[in-house]
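Geometric and topological summary
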Amino acid sequence: MSTGKLDRYRAKRDFTITPEPSGHASRSRAGAQSQSLQFFIQRHHARRLHYDFRLELDGVLKSWAVPKGPSLDPHDKRLAVRVEDHPFDYGSFEGDIPAHQYGAGHVVLWDRGQWRPHGDARAGLAKGHLSFELEGEKLHGRWALVRMGKPAADGKENWLLIKDDDAAAASGEQAAITELRPESVKDLGDQAPLAKARASAKAAPDSTGPMPAQMQAQLATLVDRAPAGEQWLCELKFDGYRGLCRIDHGQAAIYTREGLDWSHRWPILVQALARLPVDEAWIDGEVVALDAQGQISFEALQNLARGDRQQADGIRLALYAFDLLYLNGHDLRDIPLRQRKALLRELIPGSDPEGLLLYSEHIEGHAAEVFRHACQHGMEGIVLKRADAPYTGRRDRYWLKLKCEHRQEFVIAGYTEPAGQRSGFGAILVGVYDEHEQLRYAGRVGTGFDDKLLETLLKQFGPLEQDQPAFANPPTGQQRRGVHWLRPALVAEVRFAQWTSAGILRHGSFVALREDKDPHQIRREGPQPLAEAKADAKAPAAAPARSRGKASDLSAPVTVAGVKLTHPGKILFPDTGLTKLELARYYQSVAPWILPELRQRPLSLVRCPDGHAGKRFFQKHTGQGMPEAIDTIEVPEGEGHAQYMMVNDVAGLVATVQMGVLELHAWGATGAALNHPDRVVFDLDPADDVPWATVVEGAQLVRGLLKEIGLDCFLKTSGGKGLHVMVPIRPEHDWAVVKDWAHRFAAHLARHLPDRFIAKMSKAARNGKIFIDYLRNAPGATTVVAYSVRARDGAPVSVPITWEELEQGKGIKADHFRVSTMPARIRSLEQHDPWAHFGQAPQRLTKAMLAAFDSV
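All of these numbers come straight from a predicted model, not from anything done at the bench.

Calculation notes
Residues numbered from 1 in each chain as written. Predicted model: local features only at pLDDT ≥ 70, side-chain atom pairs only at ≥ 80, totals over all residues. Heavy atoms only, no water. Helix = DSSP H or I, 4+ residues; strand = E, 2+ residues; numbered from the N terminus. Buried < 20%, exposed > 50% of the residue type's maximum accessible area, 1.4 Å probe, protein only. Contact = heavy atoms within 4.5 Å. Polar contact = N/O pair within 3.5 Å; in protein donor to acceptor, adjacent residues only side chain to side chain. Pairing = 2+ DSSP bridges. Axes fitted to C-alpha atoms, helices over the stretch in contact; angles between N-to-C directions. Arc of directions from axis to C-beta. Domains from an automatic or database assignment. Phe/Tyr/Trp six-rings, centres within 6.5 Å; stacked < 30°, edge-to-face > 60°. Salt bridge = Lys/Arg side-chain N within 4 Å of Asp/Glu carboxyl O. Core = buried A, V, L, I, M, F, W, Y, C linked by side-chain atoms within 4.5 Å. Disulfide = S-S within 2.5 Å.

This part takes up the overall build of the chain. The number of helices and strands found in the chain is 19 helices and 44 strands. Each principal axis of the C-alpha distribution contributes one length, and for the chain these read about 95 × 75 × 50 Å. The buried share of the chain, taken over its 856 residues, is 55%. Nonlocal contacts in the chain, meaning residues at least 24 apart in sequence, comprise 68% of its contacts between residues at least 6 apart.

Turning to the side chain of Arg 679, a few remarks are in order. As for its placement among the helices and strands, Arg 679 is situated in strand E38 (residues 679-686). Note on Arg 679: relative accessible area 9%, which makes it buried. In terms of polar contacts, Arg 679 uses its side chain to reach the side chain of Glu 597, at 2.7 Å. At a separation of 3.5 Å, a polar atom in the side chain of Arg 679 contacts the side chain of Asp 678. Dropping the residues within four chain positions of it, Arg 679 is found in contact with Glu 597, Arg 601, Gly 668, Met 726, Val 727, Pro 728, Ile 729, Asn 777 and Phe 838.

One open sheet holds the 6 strands; their spatial order is E41-E42-E38-E40-E39-E44, and the pairing between them is mixed. Each edge of the open sheet is held by one strand with a lone partner, namely strand E41 (757-758) and strand E44 (800-801). Bridge analysis of E41 against strand E42 (residues 770-773) gives 2 bridges, and the strand direction is parallel. Paired with Ile 758 across the strands is Phe 771, a residue of E42. Running over the sheet, helix H16 (residues 735-752) touches E38, E41 and E42 and is turned about 35° from E38.

Turning our eyes to something else, we now look at helix H8 (residues 337-347). Burial in H8 covers these residues: Leu 337, Arg 340, Lys 341, Leu 343, Leu 344 and Leu 347. What you see down the axis of H8 is that its buried residues fit within an arc of 160°, all on one side.

Let us look at the domain arrangement of the chain. Domain boundaries in the chain define domain 1 (6-18 + 37-187), domain 2 (219-403), domain 3 (407-521), domain 4 (563-667) and domain 5 (679-781 + 793-851). Placing a centre on the C-alpha atoms of domain 2 and another on those of domain 4 gives a separation of 38 Å.

Our focus in this paragraph is the sheet that holds strand E18 (residues 363-364). Pairing between the strands of a sheet comes from backbone hydrogen bonds, and it takes one of two forms, parallel or antiparallel. If you walk across this open sheet you meet the 5 strands as E10-E20-E19-E11-E18, and the pairing is mixed. Edge positions in the sheet fall to strand E10 (219-222) and E18, since each has one partner strand and no second. Taken together, the 5 bridges between strand E19 (residues 381-386) and strand E20 (residues 395-403) define a ladder with antiparallel strand orientation. Of the residues in E20, the one forming a bridge with Gly 381 is Lys 403.

As a further point, take the packing of aromatic side chains. Scanning the entire structure with this criterion turns up 38 aromatic pairs. Between Phe 410 and Trp 499 the ring centres are 5.7 Å apart and the planes differ by 50°, which places this aromatic pair in the tilted class. Residue Phe 410 is located in strand E21 (residues 406-416), and its partner Trp 499 is located in strand E26 (residues 498-499); the two are separated by 89 residues in the primary sequence. Residue classification places Phe 410 among the buried residues on the basis of a relative accessible area of 0%.

Evaluated as defined, the whole model comprises 47 salt bridges. Note that Asp 239 and Arg 407 form a salt bridge whose closest N and O atoms lie 2.5 Å from each other. One end of the pair, Asp 239, is in the loop between strand E11 (232-236) and strand E12 (241-248); the other, Arg 407, is in strand E21, and 168 residues separate them in sequence. Residue class for Asp 239 comes out buried when judged on its relative accessible area of 14%.

It is worth spelling out the nonpolar core at this point. Residues Tyr 586, Tyr 587, Ile 594, Phe 682, Leu 706, Trp 741 and Tyr 787 are the most contacted members of the largest nonpolar core, which totals 94 residues. Examining the composition of this core, we find that 11 residues originate from one element, helix H13 (residues 580-598), more than from any other. Residues lining this core come from more than one domain, with at least three contributed by each of domain 4 (563-667) and domain 5 (679-781 + 793-851). Setting aside anything within four residues of it in sequence, one finds Trp 741 in contact with Val 680, Phe 682, Leu 706, Ile 709, Leu 711, Leu 845, Met 849, Leu 850 and Phe 853. In this structure, Val 278, Ala 289, Phe 298 and Leu 332 belong to the second largest nonpolar core, which totals 40 residues.

Before going further, it helps to spend a moment on the pairing of E19. By the criterion of burial, E19 is predominantly enclosed, with 6 of the 6 residues buried. Residues Gly 381, Val 383 and Lys 385 of E19 are buried on one face, and the alternating residues Ile 382, Leu 384 and Arg 386, pointing to the opposite face, are buried as well. Here E11 pairs with E19 via 5 bridges, running antiparallel. Paired with Cys 234 across the strands is Leu 384, a residue of E19.

Another aspect to go through is the environment of Ala 672. Examined against the element boundaries, Ala 672 turns out to sit in the loop between strand E37 (661-666) and E38. With 71 residues separating them along the chain, Ala 672 and Arg 601 place their C-alpha atoms 9.1 Å apart.

On to the state of the cysteines, then. This structure, assessed with the given rule, holds 1 disulfide. Here Cys 375 is linked by a disulfide to Cys 404, with a sulfur-sulfur distance of 2.0 Å. Measuring the twist about the S-S bond at about -90°, one finds the Cys 375-Cys 404 disulfide to be left-handed. Taken together, the residues Cys 375 in helix H9 (residues 367-376) and Cys 404 in the loop between E20 and E21 connect sequence positions 29 residues apart. You can call Cys 375 partly exposed: its relative accessible area is 28%. The partly exposed category is assigned to Cys 404, whose relative accessible area is 27%.

Below you can see the structure in the form of structure tokens.
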């Protein structure tokens, strides 16, 4: 048989560089009977992710590139671009195509099996309609490849890959087979870490799945003494920065515990992680600086963070890895720590000859003795972990910590003038937040600074100065003289001798600024009695609540913003493990930005008492048992009035969490003028088949038309599928006028751009189009509030963004922001708030504007 059919394949590749098989058309395979024909599907992370669909015929693999991959839904007609024939032995290829080679990227064997054509396969290909059966490890049943028209002049052929409606078909989320089954089907043989991960995962049958985009760090509970028993693994408490490390096919990143991407600070560690022999992984560890004697130095780490060279004066960076959370298609968080560390031990040794990646050793039991030795050798303390516990991604009693000295974070809220020969400043005034979210003064810290640090910190203090103290109990008398007050935005780590009975630290010494800590989360630390901590640290009988939807270990009520939060450990989002307490803390952190969107506005609340996966219902009227922190407002309704709910402060926000509320939807008018809206909302709701790029263009077109008539508009993600374009206006017109204008605006776009927009609710007519939902501009209608969580998988958030962010292609989509990734966004709001001017000097909706569009 001639091998000319593979000429195109070989002409595109340099086989002295690429590991792909050079291949020949297989004579033995060319004569294979139809019932033994093979098929292969490879997931190919090239310039764009796609799936290569290959059918054996005439000794070669007939091949198509399917950008979105196969779907089990017969209604999903997936584009499949015909490409050159490949050699039969390419079907089992899995690996990396080097940079600058054709198709450079990572290849995974996603599925394989037998295929059987219906009728003559050669005739079907020539005709442009090939029907066949698949019997693979993932794909089954009847399928078809249908050519779209005749081949183009350049030979390009566009086909559709379609699943027939049979017993193997599915719909909805179950049809997304590439997401449900992302793992490789190739026998990996000697890849010990993955083989062991698969064996370990038998205890957690739901462990297979796509790698999470973010991870929430497990945190330890401070206790007063060491527990006994060999079920506790003892590790050193490293004096560094927490590093949650994500590896994705040769690319790596390091995140702080708050979700900030600090890869740019430690590129040498990122490069070492990227070289690990894994496709996908999440590793938990601590970034430290080691001196020439191998001792950990937090001061040296701070110097490196300020821009000093990464290898200077004998100081080097390292990452101590102490947990493995995900590996090559397997979520390991539900298996016991002892097994996770065994897998990690296999992964780290020998992979890093420079000593940049280090395995965190542990001792089983003997915690009191280990703690004593750690303190004698100048260590910060130890961490004790239940060997049989899962990784829950929150603070619980499976991880405990003991500290050798008093040391914790404080919020900086002031500084004093320098005295004597000192430059910069004299001391910093620090505090901690109490259970009522008030910043309590905790004393002064005047030592631990060198001249360079005094100068550096003073520059950071300048933009934060304010006239009044942020402390609820500021110092008085002589203690107040010469104090400069600061906005509480910086966090300092401080070591000190003890607390006084008045809550003031004694003999404090500055250690470092902690940019990885949220000021609003800083509380006074006090060790729990060991007996209480151990009571909740019994080995779990099943997987943790993150994947099973059960209540967590945190069952005792806690007070947040003055509101009693019962069952704070209740899981609200099973796929992420987000708890009731964590949601309340999120709303605390975002209060300065969400409250302006809530105050004095009637609300409709989406309540999900059993979490987002359970039953849900809307509530807008007040009822019995309403929390005191929820305010009320009288609203005209029918021929009378009704009492609606309002949230006007942080306590009200937390009270909604206590009520089981997951979504906050607000009116477009305030109590000052309920019949006169102060904003116009255009909800761009795309059909399922509309690409995101088209949604972006649609929003830009809406903005352009608004600008044309003289109106500025603002933008936010919906947290669902689309975007919200918001137009602030003066509350001068009633609902009927505003709704009519919004309707005519939407209809105008739909008339002039019918291939893009539709202004009718009919879902049957929406295919390929964006519905401009103007109906939110009516009395009683609501829109999800900026910074509200949505009751959807992943806990997405509706977030204001700039038009530049949307246009610059930064990967922002409708559900881009999640509660787990919001800390970084919140920090950025201090310097740049996309809606900083939203409510300032609202625009007038003039007569000329109202008359700009034809009647519907």
